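# Architecture and fold: a report
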Amino acid sequence: MTIVAGVDFGTLSVRVTLVDSKEGPIGTASVSYPLHRRREDPNFATQSHADQMAALVAATREALQSTGVKGSSVAAIALDTTGSSVIPVGEGLEPLNEYYLWCDHRAFAEAEEITAKAHATGLEAINWCGGVYSHEWGFAKLLHWLRHNPDKRSHMVTALEHCDMVAATLCGIKNVSELKRSICAMGHKWMWNPKWGGLPSEEFLVEVDPLFLGVRAKMGGEYMTSDHLAGHLSPQWAEALGLRAGIPIPVGAFDAHWDAIGSNIREGDVVNVVGTSTCIIAMAREAQLIPGVCGVVPGSVHPGYTGIEAGLSATGDIFDAVARRAQTSVAALSDGLEAFKAGQTGLLRLSWDNGDRTVLVNPELGGVTLGWNLIHTAQDELFAAIEGTAFHTRIILERLAEYGVPVDRVINGGGVPQNNPVLNQVYANVLGKPVLVPAEIPTSLGSGIFAMLAAGAFPTIEAAQDWLCPKYTVFTPRADAVAVSEKLYPLYRQVYFALGTRSAAPCALGGILPELRRIASQVNASAQ
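This text gives an overview of the structure that appears in the document.

A word on the overall build of the chain. For the chain, the count of helices and strands is 17 helices and 23 strands. Computed over the C-alpha atoms, the radius of gyration of the chain is 23 Å, within 12% of the 24 Å expected from 2.2 N^0.38 for a compact globule of 528 residues. Here the chain holds 528 residues, and 60% of them are scored as buried. The contacts of the chain with a sequence gap of at least 6 include a subset with a gap of at least 24, amounting to 71%. Accessible area for the chain stands at about 19,600 Å²; split by element, carbon and sulfur atoms hold 52% of it. With 39 positive and 53 negative side-chain charges, the chain shows a spacing of 2 Å between the two charge centroids.

Our focus in this paragraph is the sheet that holds strand β23 (residues 472-475). On the basis of which strands lie adjacent, the open sheet formed by seven strands has the order β17-β18-β16-β15-β21-β22-β23 and mixed pairing. Every other strand in the sheet has two partners, leaving β17 (295-298) and β23 as the edge strands with one partner each. Strand-to-strand twist in this sheet, taken as the mean axis angle between neighbours without regard to direction, amounts to 25°. Here strand β21 (residues 409-413) pairs with strand β22 (residues 435-438) via two bridges, running parallel. Looking at the pairing, Val410 lines up with Val435 of β22. Where helix α9 (residues 255-262) meets the sheet, it contacts β15 (269-274), β16 (278-284) and β18 (306-312), and its direction lies at approximately 60° from that of β16.

Moving on, we get to the nonpolar core. If you look at the biggest cluster of nonpolar residues, it comprises 78 residues, and the most contacted ones within it are Leu56, Val74, Leu170 and Leu233. Core analysis: the second largest hydrophobic core is formed by 64 residues, Ala385, Val410, Val430 and Ala481 among them.

The next point concerns empty space enclosed by the protein. Take a probe with the size of a water molecule and roll it over the atoms, and the empty space left behind shows itself. Throughout the structure, instances matching the rule amount to three cavities of 30 Å³ or more. Put simply, the largest cavity is a space of about 50 Å³. Lining the largest cavity, in full, are Ala125, Trp128, Cys129, Gly187, Met191, Trp192, Asn193, Trp196, Val296 and Val297. Residue composition of the lining of the largest cavity, by class: eight nonpolar, two polar and no charged.

A few words on the layout of surface pockets. In this structure, the largest pocket encloses a volume near 980 Å³. Contributing to the lining of the largest pocket are 44 residues, with Val274, Gly275, Thr276, Gly415 and Val416 lying nearest its centre. Per-class residue counts for the lining of the largest pocket are 16 nonpolar, 17 polar and 11 charged. When its volume is computed, the second largest pocket comes out at roughly 740 Å³. When contributions to the lining of the second largest pocket are tallied by element, the ones reaching two or more residues are β5 (41-47) and α10 (316-325). Ranked by the residues each element gives to the lining of the second largest pocket, the list is headed by α10, at six residues. Grouping the amino acids of the lining of the second largest pocket by side-chain chemistry returns 11 nonpolar, seven polar and seven charged.

Okay, the side chain of His105 next. Positionally, His105 belongs in the loop between β8 (99-100) and α2 (108-121). Among the polar contacts listed, one links the side chain of His105 to the side chain of Glu136, at a separation of 3.1 Å. Leaving out residues up to four positions away in the same chain, His105 has contacts with Asn43, His135, Glu136 and Asn354.

Our focus in this paragraph is the packing of aromatic side chains. Applying the stated criterion to the full structure yields 11 aromatic pairs. Between Lys22 and the ring centre of Trp467, over which it is positioned, the NZ or CZ distance is 5.8 Å. Cation over ring: Arg38 sits above Phe44, and NZ or CZ is 3.9 Å from the ring centre.

Once that is clear, we can look at helix α15 (residues 461-468). Looking only at α15, the buried set comprises Ile461, Ala464, Gln465 and Leu468. Around the axis of α15, the buried residues are gathered within 100° of arc, so they sit on the same side.

Before going further, it helps to examine the sheet that holds strand β1 (residues 3-9). Strands sit in the order β3-β2-β1-β6-β14 across an open sheet of five strands; the sheet is mixed. Each edge of the open sheet carries a strand with a single partner, namely β3 (24-32) and β14 (253-254). Two strands pair when backbone bridges link them, and strand β6 (residues 74-81) and β14 are joined in this way by two bridges, in the parallel orientation. Within β14, the residue paired with Asp80 across the bridge is Ala253. Contacting β1, β2 (13-20), β3 and β6, helix α1 (residues 49-67) crosses the sheet at an angle of about 140° to β3.

Take the pattern of salt bridges next. Scanning all chains against the criterion turns up 19 salt bridges. Two residues, Arg147 and Glu113, come together in a salt bridge whose shortest N-O distance is 2.6 Å. With Arg147 in helix α3 (residues 138-148) and Glu113 in helix α2, this pair connects stretches of sequence that are 34 residues apart. Here Arg147 falls in the partly exposed class, since its relative accessible area comes to 25%. On the accessibility criterion, Glu113 (30% relative accessible area) is partly exposed. The shortest N-O distance in the salt bridge between Arg266 and Asp466 comes to 2.8 Å. Taken together, the positions of Arg266 in the loop between α9 and β15 and Asp466 in helix α15 put the pair 200 residues apart, joining distant regions of the chain. Assessed through its relative accessible area of 56%, Asp466 is described here as exposed. Among the charged side chains, a salt-bridge network with shared partners connects Glu110, Glu113, Arg147 and Asp209.

A word on unusual backbone geometry. The omega torsion across Gly83 and Ser84 is 5°, close enough to zero to call that bond cis. Of note in the backbone geometry, Gln327 takes a positive phi value of approximately 60° without being a glycine. Relative to the elements of secondary structure, Gln327 occurs in the loop between α10 and α11 (330-334). Backbone geometry places Val361, a non-glycine residue, at a positive phi of 45°. Along the chain, Val361 turns up in the loop between β19 (348-350) and β20 (368-370). Taking the relative accessible area as the measure of exposure, Val361 reaches 10% and is therefore buried.

This next bit is on the environment of Ser329. Structurally, the position occupied by Ser329 is in the loop between α10 and α11. Each C-alpha atom, one on Ser329 and one on Ser177, is 48 Å from the other, the two residues being 152 residues apart in sequence.

About the cut-offs
- Residues numbered from 1 in each chain as written.
- Predicted model: local features only at pLDDT ≥ 70, side-chain atom pairs only at ≥ 80, totals over all residues.
- Heavy atoms only, no water.
- Helix = DSSP H or I, 4+ residues; strand = E, 2+ residues; numbered from the N terminus.
- Rg over C-alpha atoms; globule rule 2.2 N^0.38 Å.
- Buried < 20%, exposed > 50% of the residue type's maximum accessible area, 1.4 Å probe, protein only.
- Contact = heavy atoms within 4.5 Å.
- Areas by Shrake-Rupley, 256 points an atom, 1.4 Å probe, with all protein chains shown as cover.
- Lys, Arg positive; Asp, Glu negative; His and termini not counted.
- Charge placed at Lys NZ, Arg CZ, Asp CG, Glu CD.
- Pairing = 2+ DSSP bridges.
- Axes fitted to C-alpha atoms, helices over the stretch in contact; angles between N-to-C directions.
- Core = buried A, V, L, I, M, F, W, Y, C linked by side-chain atoms within 4.5 Å.
- 1 Å grid on protein atoms, 1.4 Å probe; cavity = no way out; pocket = protein on both sides within 12 Å on 5 of 7 lines; lining within 4 Å.
- Points joined across faces, edges and corners; volume = space filled by probe spheres on them.
- Nonpolar A, V, L, I, M, F, W, Y, C, P; charged D, E, K, R; others polar.
- Polar contact = N/O pair within 3.5 Å; in protein donor to acceptor, adjacent residues only side chain to side chain.
- Phe/Tyr/Trp six-rings, centres within 6.5 Å; stacked < 30°, edge-to-face > 60°.
- Lys NZ or Arg CZ within 6 Å of the ring centre and 35° of its normal.
- Arc of directions from axis to C-beta.
- Salt bridge = Lys/Arg side-chain N within 4 Å of Asp/Glu carboxyl O.

Encoded structure:
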């Protein structure tokens, strides 16, 4: 029997799960930390490294206490985090500022400059991240920091992704040369790829902005997949956490990628990690360029496969916003939603409230709801928002399949599907496929699986998944709802590309609203 700790740093809290090699997850604890926003700047979102580490200490000790497990019995600890969440650090890898969190969108201008220069210079890397460099990613955020912190530039030793910063902290690493950087993080958000020798060249970066001079050399350390070790738990942090010093810590990764591992992803599966946003994760033995898909990186999800990442910039956040405007909660607004039928609201809602991550990669878009009348309610909008995120997901899955990524099974992971059967059923109806939902929350289980590998408890990821991953609850498409969804989806596609693409040829949208009304009228008449 081996016991390990799996850690997941989310947007608002850290979760620590103790996993037994025979029994699976045996206990979990979660501790929150503040997210710093500014009302005058909706793009601002930062977080304190010290707050996060204090929460990790509290959650680890709570998990040990609630299970009765002795800290000396924990054989390894592994962690995943949000991303791209970037922190500039100085000597001793001490933070110079807070994390630019994944949902910090201040760097939209920098991202546009990187994209434009990449296409102008023929940079191959830009094609492997969907043709557009995102404002959510590392180099854009770092350039924004360099431009807005002139007094701190000279003190910057390097910049780190969240997962690498936490691992380095726990291991007591103080020098860049000793760092182990996550291929998952650096591949998906910093254009790293062995195909062109790592990061984009110094020449390219300086062409974007001279402030990048010398930055590439500062991004040192070894770039590794998560079947390698970042190091071992330092005595200082072992004492703080209540664990044994010297236990192994594998190279970390992003939360969505390891949520996919915890959801028992295999080749041919697509995992929708549905939370505040949605990360869509797939993997394939071989993968090609996929226009509009934000990352195709060897070894990022599973060391033996090419990882593919896409997603929606807001999902649960949209549901929360609808409820907040109605001065209620999502749970309260969802009461009775199971009786709603596909298309009955007559609304068509685009999920662009926080921009578009895939396949348009456009942060300048905003939420759109078509078809309002004078008696529509907030509950109607919530159902339309669920349908809209499902239609958007279908656009993404069709793009993956078009470029050779197998989409045989759909798994809804993340926190939202665990508590929202209506969402899972709508997704099954819209996608026309059974939707599998893990019977237990997979969050932090992926970390537990990589910790098990580091402890030597299982020979392969698959062996650990077979033993530890939960069973599925299956939502099967309903024929009547599928038929209606097939009428709505072409309307969604038409509006999605017409409004979301500046260069779109003029197209007639005049038929959209009458068709929405006709479909709603038919659905409501058949229900009566």
